[in-house]
Structure formats: C-alpha cells, structure tokens
Amino acid sequence: MKIYRLTRCLCTNPNARAFSDLSARQGYYIRAENEDEALRQMAKDFPNESQFTCHEWHG
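Residues numbered from 1 in each chain as written. Predicted model: local features only at pLDDT ≥ 70, side-chain atom pairs only at ≥ 80, totals over all residues. Heavy atoms only, no water.

Q: I'm lost on the packing of aromatic side chains in this one. Help?
A: The geometry of two aromatic rings is summed up by the distance between their centres and the angle between their planes. Tallied over the entire structure, the rule returns two aromatic pairs. Ring geometry for Tyr28 versus Phe46: centroids 5.2 Å apart, planes at 75°, classification edge-to-face. Remark: Phe46 occurs in the loop between helix H1 (35–45) and strand S3 (52–56) and Tyr28 occurs in strand S2 (residues 28–32); sequence separation between them is 18 residues. (Phe/Tyr/Trp six-rings, centres within 6.5 Å; stacked < 30°, edge-to-face > 60°. Helix = DSSP H or I, 4+ residues; strand = E, 2+ residues; numbered from the N terminus.)

Dropping the structure here:
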C-alpha cells in the first residue's frame, strides 16, 4: 500500500470552517493501493465536495 496526500479544493460555502481556515481542508494522508482508491476514500469522507488534489507521498 502507498500513502497519498490529498488536499480539499477551495470551499465555496462561506459558513463552513474550511472557507477561511486553510488547515481545515489540507493535508489528509490516506493509505490506498492507488490514486483512484485514495480519491474514492476522500470523496466518502467529504460527500459534499467533488474536487481534490492527490499526490503520492514520499515523506
């Protein structure tokens, strides 16, 4: 399994904490077999969002 770093894209809901707090939408690390699986997990955790960045983590 690999580790992927995922970042939530800009939150457009001004009532959401992530709208003004960058730490609320960045730096999620997910163990997954591949990038698609990591994105599916992130989408499950944030069902109201549809765009994320995903990069394999080499830290």
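Q: What is the right way to read the environment of Ala43 from this model?
A: In this structure, Ala43 sits in helix H1. Between the C-alpha atom of Ala43 and that of Arg8, which follows or precedes it by 35 residues, the distance is 9.8 Å.

Q: What is the right way to look at the pairing of strand S1 (residues 2–8) in this model?
A: A regular strand places its side chains so that they alternate between the two faces of the sheet. The sheet contact formed by S1 and S2 spans five bridges and is antiparallel. Opposite Lys2, over in S2, you have Ala32 as the bridge partner. Pairing between S1 and S3: five bridges, direction antiparallel. Counted as the bridge partner of Thr7 is Thr53 from S3. (Pairing = 2+ DSSP bridges.)

Q: Sorry, what's going on with the side chain of Arg8 here?
A: Inspection of the secondary structure puts Arg8 in strand S1. Of the polar contacts made by the side chain of Arg8, one reaches the side chain of Glu49; its length is 2.3 Å. (Polar contact = N/O pair within 3.5 Å; in protein donor to acceptor, adjacent residues only side chain to side chain.)

Q: Is there a simple way to think about the pattern of salt bridges in this case?
A: Any two side chains of opposite charge can pair, on the condition that their charged atoms come close. The final tally for this structure, using the stated rule, is two salt bridges. The partner of Glu56 in a salt bridge is Lys2, with the nearest N and O atoms 3.9 Å apart. Highlighted residues: Glu56 in strand S3 and Lys2 in strand S1, separated in sequence by 54 residues. Judged by relative accessible area, Lys2 falls into the partly exposed class, the value being 37%. Arg8 serves as the salt-bridge partner of Glu49, at 2.3 Å between the closest nitrogen and oxygen. Of this pair, Glu49 sits in the loop between H1 and S3 while Arg8 sits in strand S1, placing them 41 residues apart in sequence. Given a relative accessible area of 11%, Arg8 falls into the buried group. (Salt bridge = Lys/Arg side-chain N within 4 Å of Asp/Glu carboxyl O. Buried < 20%, exposed > 50% of the residue type's maximum accessible area, 1.4 Å probe, protein only.)

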